[in-house]
Amino acid sequence: MKEMTAMNTERAPVSSSLAREAEVAKSNKTKSASGKESRNVWLPIGFGFLFLILWQLKIFHKLFHLELYQLPLPSAIAEAIHSNGDLLWNYSLYTGSEMIGGCLIGSAIGLLAAIIASFLPKAGKGAITLLAALNAVPIVALAPVMNNWFGDGVASKIAIVSIMTMATMAVSAYKGLRSVEPAYLELMQAYAAGRFTVFAKLRFRLALPAIFTALKINMATGIIGAIVGEFFISSRGLGFLLSDQIKLGNMPIAWSCIVIAAVLGIALYYLIQLIERFAIPWHAAQRKQAS
Amino acid sequence: MSLGREKEKEIRIDDVSMVFGRKGREVTALSSVSFDIYRSEFVSLLGPSGCGKSTLLRLLADLLQPTSGRITIGEEVPREVRLKRKYGIVFQSPTLFEWRTVKDNIELPMEVLGLKKSEYSAISNRLIDMVGLTKFKDHYPWQLSGGMQQRVAIARALSLDPPILLMDEPFSALDEFTKEKLQLDLLDIQKQTNKTIVFVTHSIPEAVFLSDRVVIMSAHPGRVHSILEMEREEGSYEQIRNSGRFHEMTAKVRECFQLSKQQLHA
């Protein structure tokens, strides 16, 4: 209240009261954010361990009437991973490169399509809708065709993953590029900014969160595409090993493929999230503030 | 004018009408509006919602084009004025870019114009000092209060040193105390820079406090009801606000405001 009266009678120094206001706002934000962050990390880790312990104690076997050869124990899976380390490592790299390669190519094509479409307001929307139809193509139908086109090597799986991921990126990025508040467009228009300047300085920056979200979804889609692609025709990779070992009844190795695929998917998801945090820190900060 | 200022016409609004919507469903936002704005004058457009005051501002800014009538700014049409970046604009929301610091936000118009960083860094530093954000130049918008964000928007609008400043209810989303501070600072800035300011507001005291002239508009369709000359006084905020003259003028404007509404319902 003292501040108010001072302000009314004379021109009070603006910066001191502003400074305090901002400091208070800042410290409140950082405190609550860091507290939430640590809880967010430890809770899932705790649940993960609990899950593993219950599994090791055969609780799930009792619940679902499963035998050990149907669902191997975590310890058996760990041992299988350990004794087949070299093979699994090589196959992980193989499948991982299919997945990442396909994701990057598919996402790049999708992003390019979204950017071109964003410059053509009327035709663009139709084109993106058409591209979105790709999402409806079932991978089971796609895989044999791609194997037929590109052979049984890496190329056919990259093609499968590319097709599976490009629509998600195109739709998401297009939406991001077009969702600009009118006042911002008026501002750019007022400064006589051309369409390319509006794209580079405004639209693309605003679309970045949507682009990263699509990338994260695509990493998860990519691992499905790569593994299912290998089920059909392949002589290497986690998907190949998985289907091969199940046929042989070698469940611990089959399960190690599943575990590694899951870890690969999660690791890449968090890698993208990490890149996102550096690429668009303003967005992460905003989200923290909102939550 | 009582200020003894040289009356040089900067903006001429001549029989301007604006109709939105398609045939059969037209809405007349502005109906034959005519008046002039002088150089270095502070003019407020005051009126209820639907009176077309924001529409008129957008016509001046060439963000909209009138259905009929003519606007001349200096010797040019609004489009030329916009392309030559001869006005700055401030909206109700600060419209800051979240990924840019205070300094980078202020530099946006200069960047869009294609100036070099070395050329405009000094300009933006001076503007940051002018709006009292020296300590915050590397902060991001989300780290600032609403009033500080609007200060950044004002500095950005001044960055190309345009002769005209267009403001669309810039303070209406702010709390009363912040609003007072910013009103005072805006008057200070006008004194320092001699800008012609067109200020849209729905607050009578704000219009009276800030303006050389208040254009009172009525709604449905948007028209100019009357134009009142204000007598600006020197003194502190409180002195002005408590003066008899301020109350007199506020009452006068309020009376016109009521009249314009009665006309509507009659």
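Just so it is clear, the structure is predicted and the values come from calculations on it, not from any experiment.

What counts, and at which threshold
- Residues numbered from 1 in each chain as written.
- Chains lettered and ligands numbered in written order.
- Predicted model: local features only at pLDDT ≥ 70, side-chain atom pairs only at ≥ 80, totals over all residues.
- Heavy atoms only, no water.
- Helix = DSSP H or I, 4+ residues; strand = E, 2+ residues; numbered from the N terminus.
- Buried < 20%, exposed > 50% of the residue type's maximum accessible area, 1.4 Å probe, protein only.
- Contact = heavy atoms within 4.5 Å.
- Areas by Shrake-Rupley, 256 points an atom, 1.4 Å probe, with all protein chains shown as cover.
- Phe/Tyr/Trp six-rings, centres within 6.5 Å; stacked < 30°, edge-to-face > 60°.

For chain B, the count of helices and strands is nine helices and nine strands. Taken over 266 residues, chain B has a buried fraction of 56%. For chain B, contacts bridging at least 24 residues in sequence account for 69% of all contacts bridging at least 6. Accessible area of chain B: about 11500 Å², with a carbon and sulfur share of 47%.

Check the secondary structure of chain A and you find 13 helices and zero strands. Listing each helix as α and each strand as β along chain A from the N terminus yields α-α-α-α-α-α-α-α-α-α-α-α-α. If you take every contact in chain A between residues at least 6 apart in sequence, the share linking residues at least 24 apart comes to 72%. Split by element, the accessible area of chain A, about 16000 Å² in all, is 70% carbon and sulfur.

The next thing to look at is the packing of aromatic side chains. Tallied over the full model, the rule gives 13 aromatic pairs over all chains. Considering the side-chain rings of Phe 196 of chain A and Phe 199 of chain A, the 6.0 Å spacing of their centres and the 40° angle between planes classify their relative orientation as tilted. Here Phe 199 of chain A and Phe 196 of chain A lie together in helix α10 (residues 195-232), a separation of three residues that amounts to about one turn. Residue classification places Phe 196 of chain A among the exposed residues on the basis of a relative accessible area of 58%. For the ring pair Phe 42 of chain B and Phe 199 of chain B, a centre distance of 5.6 Å and an interplane angle of 45° mean the geometry is tilted. Of this pair, Phe 42 of chain B sits in strand β3 (residues 42-46) while Phe 199 of chain B sits in strand β7 (residues 196-201), and the two are 157 residues apart along the sequence. Residue classification places Phe 199 of chain B among the buried residues on the basis of a relative accessible area of 0%. Members of the aromatic cluster, each reached through a chain of ring pairs, are Phe 51, Trp 55, Phe 60 and Trp 255 of chain A.

Purely geometric stuff here, so don't read any function into it on its own.
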